[in-house]
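Listed below are the residues making up each chain.
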Amino acid sequence: MPEDLIRDELIARLVRAGELEVSGENQDEADTYFDTEMFRFHGPDGFESDYRGLTDYFASVRAAFDNRSIRRGIVLVDGSYLACQTWIEGTFVRPFTQSPAGVLPPNGRRVVFDLINIFRVDDRGRLIEEWVRTDNRSLLSQLQRTAGSNA
């Protein structure tokens, strides 16, 4: 298979995996994009998790935010690694139980998670490891603003 097709397939799989995690529309399909036994997540502030922890996190995002969307920006592929910009957005309408600051009450505002991700895939193209960096200061500022506040 030509290298461009492999790259394009990996990117398409990454995009679809993100869409499924954010929407929650089909967990069985989402599972096919991951090595659910070996997957490891490395997040900000030393947060470490397995695949179950990642799916629990996204369940908390889906529970707290309505009108969710995900966009991928620049995506780079180098062998079994992919790096990309990611924006996850939603309207904060219910308590967010897995925020970086613990449980936070909703503020009714649109929130943007601005992320940089690095993924590693196995020889079947499944996600096996992820490193995430985010601007937690900006995120927490958005989460803690009250409805009607511009601060």
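In what follows, the structure referred to is the one given above.
Quick caveat, the model's predicted, so the values are computed rather than measured.

Visitor: Provide a residue-level description of the overall build of the protein chain, including the pertinent values.
Guide: The helix and strand tally for the protein chain stands at four helices and eight strands. The linear arrangement of helices and strands in the protein chain, starting from the amino end, is α-α-β-β-α-β-β-β-β-β-β-α. Computed over the C-alpha atoms, the radius of gyration of the protein chain is 16 Å, within 12% of the 15 Å expected from 2.2 N^0.38 for a compact globule of 151 residues. For the protein chain, the spread of C-alpha atoms along the principal axes amounts to about 55 × 30 × 30 Å.

Visitor: Before we move on, can you summarise the sheet that holds strand β8 (residues 127–134) with the specific residues and values?
Guide: Here six strands make up an open sheet; going across it, the order is β2-β1-β8-β7-β4-β3 and the pairing mixed. The sheet terminates laterally at β2 (48–50) and β3 (65–78), the two strands that pair on one side only. Between one strand axis and the next, the sheet turns through 20° on average, direction left out of account. Strands β1 (40–42), β2, β3, β4 (81–92), β7 (110–121) and β8 of the sheet are contacted by helix α3 (residues 51–64), whose axis makes an angle of about 135° with β3. In this fold helix α4 (residues 136–144) packs onto β3, β4, β7 and β8, with an angle of close to 145° to the strand it touches most, β7.

Visitor: Which residues make up the pairing of strand β5 (residues 96–99), and what values do they have?
Guide: As paired strands, β5 and strand β6 (residues 102–104) are joined by two bridges and run antiparallel to one another. Its bridge partner being in β6, Ser-99 is matched across the sheet by Gly-102. In textbook terms, the turn of a hairpin is the stretch between consecutive antiparallel strands, and for β5 and β6 this stretch comprises two residues.

Visitor: Please give an account of the nonpolar core that cites residues and values.
Guide: By size, the foremost hydrophobic cluster in this structure holds 31 residues, and its most contacted members are Phe-34, Phe-65, Phe-92, Phe-96, Phe-113, Leu-127 and Leu-143. If you list the elements that add at least two residues to this core, you get α1 (3–23), α3, β4, β7, β8 and α4. With residues up to four places along the chain from it excluded, the contact list for Leu-127 reads Leu-14, Ala-17, Tyr-33, Phe-34, Asp-35, Phe-39, Phe-119, Arg-120 and Val-121.

Visitor: Talk me through the pattern of salt bridges; I want residue IDs and the actual numbers.
Guide: Using the criterion set out here, one finds eleven salt bridges in the structure. Among the ionic pairs, Arg-7 bridges to Asp-8, the shortest N-O distance being 3.2 Å. Under the relative-accessibility criterion, Arg-7 is labelled partly exposed at 33%. Classification of Asp-8 as partly exposed rests on a relative accessible area of 39%. For Glu-25, the salt bridge goes to Arg-16, with nearest N and O atoms at 3.2 Å. When its relative accessible area of 21% is taken as the criterion, Arg-16 is described as partly exposed.

Visitor: Residues and numbers for the packing of aromatic side chains, please.
Guide: Going through the model one piece at a time under the given rule, you end up with eleven aromatic pairs. Considering the side-chain rings of Phe-96 and Phe-113, the 6.2 Å spacing of their centres and the 85° angle between planes classify their relative orientation as edge-to-face. With Phe-96 in strand β5 and Phe-113 in strand β7, the pair connects residues that are 17 residues apart, well separated along the chain. Across the pair, exposure class does not vary: Phe-96 and Phe-113 are buried alike. One aromatic cluster in this structure is built from Tyr-57, Phe-58, Phe-65, Phe-92, Phe-96 and Phe-113.

Visitor: An account of unusual backbone geometry is needed here, citing residue identities and associated values.
Guide: Phi is positive for Asp-45, which is not a glycine, with a value near 60°. Mapped onto the elements, Asp-45 comes out in the loop between β1 and β2. A relative accessible area of 72% places Asp-45 in the exposed class. Located in the positive-phi region is Asn-67, a residue other than glycine, with phi close to 50°. Summarising the element assignment, Asn-67 is placed in strand β3.

Rules used throughout
Residues numbered from 1 in each chain as written. Predicted model: local features only at pLDDT ≥ 70, side-chain atom pairs only at ≥ 80, totals over all residues. Heavy atoms only, no water. Helix = DSSP H or I, 4+ residues; strand = E, 2+ residues; numbered from the N terminus. Rg over C-alpha atoms; globule rule 2.2 N^0.38 Å. Pairing = 2+ DSSP bridges. Axes fitted to C-alpha atoms, helices over the stretch in contact; angles between N-to-C directions. Contact = heavy atoms within 4.5 Å. Core = buried A, V, L, I, M, F, W, Y, C linked by side-chain atoms within 4.5 Å. Buried < 20%, exposed > 50% of the residue type's maximum accessible area, 1.4 Å probe, protein only. Salt bridge = Lys/Arg side-chain N within 4 Å of Asp/Glu carboxyl O. Phe/Tyr/Trp six-rings, centres within 6.5 Å; stacked < 30°, edge-to-face > 60°.

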